[in-house]
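What follows is each chain in one-letter form.
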Amino acid sequence: MITIKKRIGSNRSRRATYISLAFLCLLLAVTLSAQAPKTESKSGIVRQLSEVRFPAGEGPDCLQFFLENGDMKTGPSTAIMKAKPKCVVPPHFHTAEEQLIIVKGNVSTGMEGMKDAVLGPGGFAMMPSKAPHWFTCTAKEECLMFVTFDRAYDIVWIKPDK
(Lines give C-alpha, C1' and ligand atoms only; values in the text may rest on other atoms or scores of the structure.)
Protein backbone atom coordinates (compact mmCIF):
# COMPACT_ATOMS: atom_id res chain seq x y z
CA MET A 1 0.00 0.00 0.00
CA ILE A 2 2.84 2.40 0.79
CA THR A 3 4.43 1.73 -2.59
CA ILE A 4 1.20 2.65 -4.41
CA LYS A 5 0.89 5.97 -2.53
CA LYS A 6 4.48 6.89 -3.33
CA ARG A 7 3.88 6.18 -7.04
CA ILE A 8 0.69 8.25 -7.08
CA GLY A 9 2.49 11.11 -5.34
CA SER A 10 5.42 10.79 -7.74
CA ASN A 11 3.09 10.87 -10.77
CA ARG A 12 1.30 13.99 -9.41
CA SER A 13 4.65 15.69 -8.90
CA ARG A 14 5.72 14.86 -12.48
CA ARG A 15 2.39 15.99 -13.88
CA ALA A 16 2.65 19.30 -12.00
CA THR A 17 6.17 19.79 -13.36
CA TYR A 18 5.02 19.12 -16.97
CA ILE A 19 2.07 21.48 -16.59
CA SER A 20 4.35 24.18 -15.17
CA LEU A 21 6.83 23.75 -18.05
CA ALA A 22 4.03 23.85 -20.61
CA PHE A 23 2.67 27.03 -19.03
CA LEU A 24 6.12 28.67 -19.05
CA CYS A 25 6.63 27.73 -22.75
CA LEU A 26 3.23 29.19 -23.61
CA LEU A 27 4.02 32.37 -21.66
CA LEU A 28 7.39 32.68 -23.43
CA ALA A 29 5.79 32.16 -26.87
CA VAL A 30 3.14 34.83 -26.18
CA THR A 31 5.79 37.27 -24.91
CA LEU A 32 8.06 36.75 -27.93
CA SER A 33 5.24 37.03 -30.46
CA ALA A 34 4.13 40.30 -28.85
CA GLN A 35 7.67 41.66 -29.21
CA ALA A 36 8.17 40.46 -32.81
CA PRO A 37 8.29 43.28 -35.37
CA LYS A 38 5.06 43.68 -37.27
CA THR A 39 5.48 43.05 -40.98
CA GLU A 40 3.50 45.23 -43.31
CA SER A 41 1.57 43.43 -45.96
CA LYS A 42 3.05 44.20 -49.34
CA SER A 43 0.90 44.86 -52.36
CA GLY A 44 1.73 43.23 -55.68
CA ILE A 45 3.11 44.99 -58.73
CA VAL A 46 1.74 44.64 -62.25
CA ARG A 47 3.16 47.01 -64.86
CA GLN A 48 3.47 47.15 -68.64
CA LEU A 49 6.89 48.04 -70.02
CA SER A 50 5.26 51.03 -71.74
CA GLU A 51 4.44 52.45 -68.27
CA VAL A 52 8.11 52.55 -67.18
CA ARG A 53 9.59 56.07 -67.08
CA PHE A 54 13.37 55.90 -66.89
CA PRO A 55 15.03 58.62 -64.79
CA ALA A 56 18.64 59.69 -65.34
CA GLY A 57 21.07 57.23 -63.74
CA GLU A 58 24.18 57.39 -61.57
CA GLY A 59 26.38 55.57 -64.07
CA PRO A 60 27.26 56.29 -67.65
CA ASP A 61 24.92 58.73 -69.46
CA CYS A 62 23.91 55.97 -71.85
CA LEU A 63 22.42 53.81 -69.08
CA GLN A 64 19.17 54.26 -67.14
CA PHE A 65 17.64 52.29 -64.24
CA PHE A 66 14.01 51.99 -63.17
CA LEU A 67 13.40 50.33 -59.81
CA GLU A 68 10.71 47.66 -60.17
CA ASN A 69 10.72 46.24 -56.65
CA GLY A 70 12.61 46.47 -53.35
CA ASP A 71 14.89 49.18 -52.03
CA MET A 72 18.33 49.42 -53.60
CA LYS A 73 19.67 51.35 -50.61
CA THR A 74 18.70 48.84 -47.94
CA GLY A 75 18.09 45.38 -49.38
CA PRO A 76 17.25 43.13 -52.30
CA SER A 77 15.92 44.80 -55.42
CA THR A 78 14.88 44.29 -59.01
CA ALA A 79 15.32 46.99 -61.64
CA ILE A 80 15.01 47.28 -65.38
CA MET A 81 17.94 48.88 -67.20
CA LYS A 82 17.90 50.57 -70.57
CA ALA A 83 21.16 51.04 -72.46
CA LYS A 84 21.60 53.04 -75.65
CA PRO A 85 23.26 51.32 -78.61
CA LYS A 86 27.04 51.07 -78.15
CA CYS A 87 26.67 51.96 -74.43
CA VAL A 88 29.77 50.77 -72.58
CA VAL A 89 29.59 50.09 -68.86
CA PRO A 90 33.23 49.82 -67.76
CA PRO A 91 34.63 47.33 -65.23
CA HIS A 92 33.03 47.55 -61.80
CA PHE A 93 31.73 45.35 -59.01
CA HIS A 94 29.04 45.32 -56.35
CA THR A 95 28.96 43.97 -52.81
CA ALA A 96 25.69 42.27 -53.77
CA GLU A 97 25.37 39.34 -56.13
CA GLU A 98 23.93 40.59 -59.42
CA GLN A 99 21.73 38.62 -61.80
CA LEU A 100 21.04 39.91 -65.30
CA ILE A 101 18.39 38.80 -67.80
CA ILE A 102 18.37 40.29 -71.30
CA VAL A 103 14.92 41.35 -72.55
CA LYS A 104 15.81 43.16 -75.78
CA GLY A 105 18.96 43.71 -77.80
CA ASN A 106 22.37 42.06 -77.69
CA VAL A 107 24.67 42.58 -74.73
CA SER A 108 28.35 41.68 -74.70
CA THR A 109 29.18 40.93 -71.09
CA GLY A 110 32.32 39.82 -69.37
CA MET A 111 33.55 38.88 -65.96
CA GLU A 112 37.05 38.59 -64.57
CA GLY A 113 38.32 35.05 -65.22
CA MET A 114 35.71 34.28 -67.92
CA LYS A 115 35.47 34.85 -71.67
CA ASP A 116 33.17 37.64 -72.85
CA ALA A 117 29.87 36.43 -74.28
CA VAL A 118 27.15 38.10 -76.33
CA LEU A 119 23.72 37.48 -74.80
CA GLY A 120 20.44 38.02 -76.64
CA PRO A 121 16.87 38.10 -75.29
CA GLY A 122 16.48 35.52 -72.55
CA GLY A 123 20.23 35.43 -71.93
CA PHE A 124 21.26 35.23 -68.28
CA ALA A 125 24.38 36.17 -66.32
CA MET A 126 25.15 35.99 -62.60
CA MET A 127 27.98 38.02 -61.16
CA PRO A 128 29.02 36.94 -57.66
CA SER A 129 29.61 39.46 -54.90
CA LYS A 130 32.67 41.62 -55.61
CA ALA A 131 33.37 39.96 -59.00
CA PRO A 132 34.60 42.55 -61.52
CA HIS A 133 32.38 42.65 -64.61
CA TRP A 134 31.42 44.91 -67.54
CA PHE A 135 29.07 45.07 -70.50
CA THR A 136 28.32 46.78 -73.80
CA CYS A 137 25.00 47.10 -75.65
CA THR A 138 26.09 45.84 -79.08
CA ALA A 139 22.64 46.06 -80.69
CA LYS A 140 21.60 48.71 -83.21
CA GLU A 141 18.59 49.47 -80.99
CA GLU A 142 18.46 50.00 -77.23
CA CYS A 143 19.09 47.08 -74.89
CA LEU A 144 16.68 46.26 -72.06
CA MET A 145 17.72 44.10 -69.12
CA PHE A 146 16.26 43.06 -65.79
CA VAL A 147 18.80 43.17 -63.01
CA THR A 148 18.43 41.88 -59.46
CA PHE A 149 20.64 42.40 -56.44
CA ASP A 150 20.45 40.14 -53.40
CA ARG A 151 21.22 42.94 -50.91
CA ALA A 152 21.78 46.69 -50.82
CA TYR A 153 23.19 48.10 -54.06
CA ASP A 154 26.56 49.77 -54.32
CA ILE A 155 28.95 50.15 -57.23
CA VAL A 156 32.74 50.33 -57.22
CA TRP A 157 34.26 51.45 -60.51
CA ILE A 158 37.58 49.80 -61.32
CA LYS A 159 40.19 52.19 -62.64
CA PRO A 160 42.17 50.75 -65.56
CA ASP A 161 45.91 50.22 -65.08
CA LYS A 162 47.98 52.93 -66.77
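Residues numbered from 1 in each chain as written. Predicted model: local features only at pLDDT ≥ 70, side-chain atom pairs only at ≥ 80, totals over all residues. Heavy atoms only, no water.

### Comments concerning the packing of aromatic side chains
- Under the defined criterion, the tally for this structure stands at three aromatic pairs.
- Each ring, one from Phe 65 and one from Tyr 153, has its centre 6.0 Å from the other, and the planes form 55°; the classification is tilted. Of this pair, Phe 65 sits in strand β1 (residues 63-70) while Tyr 153 sits in the loop between β9 (143-149) and β10 (156-157); the two residues are 88 residues apart in sequence, bridging distant segments of the chain.
- On the numbers, 4.9 Å between centres and 65° between planes, the contact of Phe 149 with Tyr 153 is edge-to-face. (Phe/Tyr/Trp six-rings, centres within 6.5 Å; stacked < 30°, edge-to-face > 60°. Helix = DSSP H or I, 4+ residues; strand = E, 2+ residues; numbered from the N terminus.)

### With respect to the pattern of salt bridges
- Under the criterion given, the structure shown has three salt bridges.
- Taking the shortest distance from any N to any O, the salt bridge between Glu 142 and Lys 104 comes out at 3.7 Å. Pair noted here: Glu 142 is in the loop between β8 (133-137) and β9 and Lys 104 is in strand β4 (residues 98-104), with a separation of 38 residues, a long-range link.
- Looking at Glu 142, the relative accessible area reads 28%, which means it is partly exposed. (Salt bridge = Lys/Arg side-chain N within 4 Å of Asp/Glu carboxyl O. Buried < 20%, exposed > 50% of the residue type's maximum accessible area, 1.4 Å probe, protein only.)

### Section: the environment of Ile 102
- Along the chain, the position of Ile 102 falls in strand β4.
- Its relative accessible area of 2% is what places Ile 102 among the buried residues.
- C-alpha of Ile 102 to C-alpha of Cys 143: the two residues are 41 residues apart in sequence and 7.7 Å apart in space.
- In contact with Ile 102, not counting residues within four places along its chain, are Val 107, Leu 119, Gly 120, Pro 121, Gly 122, Gly 123, Leu 144 and Met 145. (Contact = heavy atoms within 4.5 Å.)

### What about the nonpolar core?
- One finds Leu 100 and Met 145 to be the most contacted residues of the largest nonpolar core, which totals 24 residues.
- Of all the secondary-structure elements, those providing two or more residues to this core are β2 (77-83), β4, β5 (107-111), β7 (124-127), β8 and β9.
- Once residues lying within four places of it in the same chain are set aside, the contact partners of Leu 100 are Met 81, Gly 123, Phe 124, Ala 125, Met 127, Met 145, Phe 146 and Val 147.
- One finds Phe 54, Phe 66, Ile 80 and Leu 144 within the second-largest nonpolar core, a separate group that totals five residues. (Core = buried A, V, L, I, M, F, W, Y, C linked by side-chain atoms within 4.5 Å.)

### Quick notes on the sheet that holds β10
- Across the sheet, five strands lie side by side as β6-β5-β8-β3-β10; this open sheet has antiparallel pairing. At either end of the open sheet lies a strand with only one pairing partner, and these are β6 (117-119) and β10.
- Pairing geometry for β5 and β6, over three bridges, is antiparallel. Each residue of the ladder has a partner; that of Val 107, found in β6, is Leu 119. (Pairing = 2+ DSSP bridges.)

### Focus on the sheet that holds β9
- Spatial strand order, β1-β2-β9-β4-β7: five strands in an open sheet with antiparallel pairing. A single partner strand is all that each edge strand has here, and the edge strands are β1 and β7. Put simply, the sheet's adjacent strands are angled 20° from each other on average, direction ignored.
- In this sheet, β7 lies alongside β4 in antiparallel orientation, the contact comprising four bridges. Across the sheet, residue Glu 98 finds its bridge partner in β7, namely Met 127. (Axes fitted to C-alpha atoms, helices over the stretch in contact; angles between N-to-C directions.)

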